[in-house]
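Survey of secondary and tertiary structure
The residues making up each chain are set out below.
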Amino acid sequence: MLSPDGKWLVTANQTSHTLSLVNVAAGTVIDELAVGRRPTGLTRLAGGFRVAVTCRDSGEVVVLDAGAGRLRATATIPVSGHPWGIVGDAAGRRAYVALAGLGQVAVLDLATGSVLQRIPVGPWPRYLALSPDETRLAVGLDGDRGVAVVDTQSRQVLYVERFAGLNIGQLQVAADGRHVYFLG
């Protein structure tokens, strides 16, 4: 996850259960921090250089401050269900987490460190993307071989677009909010 100024990079190191802070210009690791087991998904949050990471095998989301040349955990939110992908809103108040083991998306309140709601979306949700206006959430479903579209206000699945394919990942919503692109 690249910092807003492009000077720092946070990497998830799945087998060592750590995050690393890299000085991009120097190409060196400046700091490393142990987090939950098997860090999988990263998202940048509003408010300086803050990040959130899903820890798949320990069932939690860790929120960190990555500024000042070091990594510092500020919250740990238990979510269970093999959290995978994560995306935060532009204000830094909410995050959405794909719970691959439960077929759900958890809606997190980052200020209180709590799960507000769990939205059933279908089997094996992994990667997520918010529309530019944040009214829609695209959820890649490996089990249903498709993409679920969730209304973020009602927190309900609007529809699932199914197609032949597996490993639907790294979703990106077009600037107009009308299309979702992904690697597959």
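Structure: above.
This report concerns the structure included in the present document. (Residues numbered from 1 in each chain as written. Predicted model: local features only at pLDDT ≥ 70, side-chain atom pairs only at ≥ 80, totals over all residues. Heavy atoms only, no water.)

**Side note on unusual backbone geometry**
Trans peptide bonds make up the majority, and among non-glycine residues the majority have a negative phi. For Ala 68, which is not glycine, the phi dihedral falls at a positive 60°. Relative to the helices and strands, Ala 68 resides in the loop between strand 6 (60-65) and strand 7 (72-78). Despite not being glycine, His 82 shows a phi value in the positive range, around 55°. Along the chain, the position of His 82 falls in the loop between strand 7 and strand 8 (83-88). Note on His 82: relative accessible area 41%, which makes it partly exposed. (Helix = DSSP H or I, 4+ residues; strand = E, 2+ residues; numbered from the N terminus. Buried < 20%, exposed > 50% of the residue type's maximum accessible area, 1.4 Å probe, protein only.)

**A look at the nonpolar core**
If you look at the biggest cluster of nonpolar residues, it comprises 14 residues, and the most contacted ones within it are Tyr 96, Val 105, Val 121, Leu 128, Leu 137 and Val 139. Of all elements in the fold, only strand 9 (94-99), strand 10 (104-109), strand 12 (125-130), strand 13 (136-141) and strand 14 (146-151) reach the threshold of two or more residues within this core. Examining the composition of this core, we find that 3 residues originate from one element, strand 13, more than from any other. Among residues more than four places away in sequence, those in contact with Val 139 are Val 105, Val 121, Pro 125, Tyr 127, Leu 128, Gly 146, Val 147, Ala 148, Val 150 and Leu 171. (Core = buried A, V, L, I, M, F, W, Y, C linked by side-chain atoms within 4.5 Å. Contact = heavy atoms within 4.5 Å.)

**Describing the side chain of Thr 18**
If you trace the backbone, Thr 18 turns up in strand 2 (residues 18-23). Residue classification places Thr 18 among the buried residues on the basis of a relative accessible area of 9%. Apart from residues no more than four positions distant in its own chain, Thr 18 is found in contact with Thr 11, Ala 12, Asn 13, Glu 32, Leu 33, Ala 34, Val 35 and Pro 39.

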